[in-house]
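Chain by chain, the residues:
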Amino acid sequence: MSFLFRAARCVAAMSFLLMAGPVLAHEGHDHGAPVPAPSASLAPRAESDSDAHELVAIAREGVLVIYLDRFATNEPVDGAEIEIETPAGPQKAEARPGEPYRLDAPWSGKPGAYDLIFTVAKDGNVDVLPARLVIPDAPGAKAGPTSWFSTSAIAGEVGYHFNHDGPALFIAILAGLAAGIGVMALIRRRRRAAAMLLLVAGAFVLSNNPSRSHDGHDHTAPAAAMQSVRDLAQRLPDGGVFVPKSTQHILALRTVMTESRAHPRAIELPGRIIPDPNASGFVQASVGGRLSAPPGGFPRLGTPVKKGDVLAYVDPPLQAIDVSDMRQRQGELDQQISIVERRLARYETLVPSGAIARSQLEDTRSELQGLKDRRGSLDRARREPEALVAPVDGVIAEGTPVAGQIAQSNAVIFHIIDPTRLWVEARSFDPLVGVRSATANLGTDRIFTLVYQGSGFADRNQSIPVQFAIQGDHSGLRAGQFVTVLATTNEEKVGLAVPRASLVRNANGQEVVYEHVAPERFEQRPVRVEPLDGDRVFIATGLAGGKRLVVQGAELLDQVR
């Protein structure tokens, strides 16, 4: 029994020695570490910040490139004096307009950790920024063969041989068993020295055998790939965005510190531009007729006009029955004029004798003059057209009359608007109380200031019309344009107000802002916003005070992939 037990121990020892060698490889099977894909790496850098400044120092080819920005706004700081405590002693960085600061640092080519102290002097203010620069070791050399301690490699090797080399594997096991029995036999014959020598020699030979491989198979770890040092903006796996300082300066990224305070509540209303009722008017024909142009022709769209200018004429058409009535009326007037003339002649002869009073003579003369005026108005009615004149000063906003066109009674021939006096009519579903101020947005970056004029008491399409007057520059505006009105009321709410330019939409369509969490790192913050005024929005949820928020270049930052 002891003999079998000792034989089994020898078999285990021989198996141990066999496995101590390099793991066997075969086609399509690899036990080494996977080859890392070549990727760009960042240059060694040190970061530091204070309440006033933010500093990033990058070691590249024996030169220390220093970026100095304002902490709150991320604006580059030019013209500052930077003194650095380095391993080589105190040194001053070289300042160039429009470029980062530079310092010759040959010591940065040696691996190690360096504690640096940057002293920044600008406009009489001094700021001390400590930083730690770590220069990593160079990539390691070629690794040795795979160790027999790799359990997964042994298990994979054994499984493979059982599946593909079954007979050969059993033969190897039987050979090991026979070798163990032989060793036990030597031991039983008191030849322990020879047996131990055999065991040591076998272990030495097996442990020094080179790895046996085959086509397309290698068990050694590959040499570390040479990595290129490039600072590229990239989106990180956790959703953050890494943007080097050099790229931040190119994109002109700017930030502000968020602060919670009370803001007046704003209401967003749809509206459209209308002309000022006191500076606009319609030109209409009182009677229907045929249009004719004044001297110089019809005024075209956009033509400035003055109050009282003749814009067109209307020739009323006369029907046959109207002509007959006019002729009959003219005949009656002619007859009455003839009778009154004869009476007047008779009275003039009788007045000197006193047969009639002089008052009768004067009355007869007045009656004759009235009959002649009525007769003359009938003649003019047939010959003179109606003149259409401008009721106000302004420009022709509407109207395309054509000579010979028949205009109906009360038809609008021209619409005159003063382009320097425009209003906005908005629609509100709730009464506006205590309107403090208002602005209008055309959907572009242009914002117009409004002055509240009043609101109606009668609903129009289930809404209340609210009118505002536009102040300031009116260039580019025209009646009928649709606008968005933000009316600020006396009601207040406490929270954060941020510029509209800081909002972007992510792939899901949700509104987000970017927070500057580190000198070269930005993170998205989903937010829910409410309108505040023409330039800002109110952050209802999603962002706290005291954070650095990107307010310029957020849309460019969102494009980083």
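Residues numbered from 1 in each chain as written. Predicted model: local features only at pLDDT ≥ 70, side-chain atom pairs only at ≥ 80, totals over all residues. Heavy atoms only, no water.

Summing up its helical and strand segments, the chain has eight helices and 31 strands in all. For the chain, with 561 residues in total, the buried portion stands at 35%. Long-range pairs, those at least 24 residues apart, make up 70% of the contacts in the chain between residues at least 6 apart in sequence. (Helix = DSSP H or I, 4+ residues; strand = E, 2+ residues; numbered from the N terminus. Buried < 20%, exposed > 50% of the residue type's maximum accessible area, 1.4 Å probe, protein only. Contact = heavy atoms within 4.5 Å.)

What follows is about the pattern of salt bridges. In this structure the tally under the stated criterion is 21 salt bridges. In this structure, Lys245 engages Asp69 in a salt bridge whose closest nitrogen and oxygen atoms are separated by 2.8 Å. Taken together, the residues Lys245 in helix H5 (residues 245-251) and Asp69 in strand S3 (residues 63-70) connect sequence positions 176 residues apart. With a shortest N-O distance of 3.3 Å, Arg421 and Asp276 are connected by a salt bridge. Taken as a pair, Arg421 in the loop between strand S20 (412-417) and strand S21 (422-428) and Asp276 in the loop between strand S12 (261-275) and strand S13 (280-284) lie far apart in primary sequence, 145 residues in all. Judged by its relative accessible area of 5%, Asp276 is buried. Here the salt bridges do not stand alone but share partners, grouping Asp238, Glu515, Arg521, Glu523 and Arg525 into one network. (Salt bridge = Lys/Arg side-chain N within 4 Å of Asp/Glu carboxyl O.)

Turning to the sheet that holds strand S6 (residues 101-104), a few remarks are in order. Strand order in the open sheet formed by four strands is S1-S2-S3-S6, and the pairing between neighbours is antiparallel. The outermost strands of the open sheet, each flanked by one partner alone, are strand S1 (45-49) and S6. Recorded for the sheet is a direction-independent mean angle of 20° between the axes of neighbouring strands. Sheet topology note: the S1/strand S2 (residues 53-60) ladder contains five bridges and is antiparallel. (Pairing = 2+ DSSP bridges. Axes fitted to C-alpha atoms, helices over the stretch in contact; angles between N-to-C directions.)

Another point: the pairing of S12. The pairing of S12 with strand S25 (residues 482-499) spans 11 bridges and is antiparallel. When the sheet's bridge partners are listed, Leu269 is paired in S25 with Val485. Two strands pair when backbone bridges link them, and S12 and S21 are joined in this way by five bridges, in the antiparallel orientation. Within S21, the position partnered with Pro275 by the bridge is Leu422.

Further remarks concern the pairing of strand S22 (residues 435-441). Counting buried positions along S22 yields five of seven residues, so the element is predominantly enclosed. With six bridges joining them, S22 and S25 adopt antiparallel strand pairing. Paired with Ser437 across the two strands is Thr488, which belongs to S25. Relative to strand S23 (residues 447-455), S22 runs antiparallel, the two sharing four bridges. What sits directly across from Ala438, in S23, is Leu450. Counting the residues between successive antiparallel strands, the hairpin from S22 to S23 contains five residues, one of them, Gly443, with a positive phi of roughly 95°.

With that settled, the discussion passes to the environment of Arg60. Among the secondary structure elements, Arg60 is positioned in strand S2. Separated by 48 residues in sequence, Arg60 and Ser108 place their C-alpha atoms 8.1 Å apart. In contact with Arg60, not counting residues within four places along its chain, are Ala43, Val65 and Asp231.

Moving on, we get to the packing of aromatic side chains. Counted by the stated rule, this structure contains two aromatic pairs. Summarising the aromatic geometry, the rings of Trp107 and Tyr114 are spaced 5.1 Å apart at their centres and angled 55° between planes, so their arrangement reads as tilted. Note on Trp107: relative accessible area 10%, which makes it buried. Sitting over the face of the ring of Phe71, Arg548 holds its NZ or CZ atom 4.1 Å from the ring centroid. (Phe/Tyr/Trp six-rings, centres within 6.5 Å; stacked < 30°, edge-to-face > 60°. Lys NZ or Arg CZ within 6 Å of the ring centre and 35° of its normal.)

Our next topic: the sheet that holds strand S19 (residues 406-407). Pairing within the open sheet is antiparallel, and its four strands lie in the order S17-S16-S14-S19. Either end of the sheet is taken by a strand with one partner, and the two such strands are strand S17 (386-389) and S19. Alignment of strand S14 (residues 289-292) against S19, held across two bridges, turns out to be antiparallel. For Arg290, the partnering residue across the bridge sits in S19 and is Ile406.

Looking at the secondary structure, you find Thr255 in strand S11 (residues 254-257). A polar contact of 2.7 Å, which involves the side chain of Thr255, links it to the backbone oxygen of Ala72. Once residues within four sequence positions are removed from consideration, Thr255 is found in contact with Phe71, Ala72, Thr73, Asn74, His516, Arg548, Leu549, Val550 and Val551. (Polar contact = N/O pair within 3.5 Å; in protein donor to acceptor, adjacent residues only side chain to side chain.)

It is worth spelling out the nonpolar core at this point. Of all hydrophobic cores here, the largest spans 24 residues; its most connected members are Leu64, Ile66, Leu68, Ile82 and Phe118. Elements supplying a minimum of two residues to this core: S2, S3, strand S4 (81-86), S6, strand S7 (112-122) and strand S8 (125-135). With residues up to four places along the chain from it excluded, the contact list for Leu68 reads His53, Glu54, Leu55, Glu75, Pro76, Val77, Ala80, Ile82, Tyr101, Val120 and Leu129. Counting residues in each nonpolar core, the second largest holds 19 residues, with Leu269, Val435, Leu450 and Val485 among its members. (Core = buried A, V, L, I, M, F, W, Y, C linked by side-chain atoms within 4.5 Å.)

Let us now look at unusual backbone geometry. Here the phi dihedral of Glu61 falls at roughly 55°; this positive angle occurs in a residue that is not glycine. By secondary structure assignment, the location of Glu61 is in the loop between S2 and S3. Glu61 sits in the exposed class, given a relative accessible area of 80%. Despite not being glycine, Ala252 shows a phi value in the positive range, around 55°. Tracing the chain through its elements places Ala252 in the loop between H5 and S11.

A residue-level look at the chain finds 74% of positions with pLDDT of 70 or above and a mean pLDDT of 76. Ranking the elements of the chain by mean pLDDT puts helix H4 (residues 192-208) last with 45 and strand S15 (residues 304-305) first with 92. Predicted confidence for residues 1-5 stays below pLDDT 50, and this span has three contacts to residues more than four positions away or in other chains. Low pLDDT, under 50, characterises residues 10-40; the predicted model gives this stretch 59 contacts beyond four residues in sequence or across chains. (pLDDT = per-residue confidence, 0-100.)

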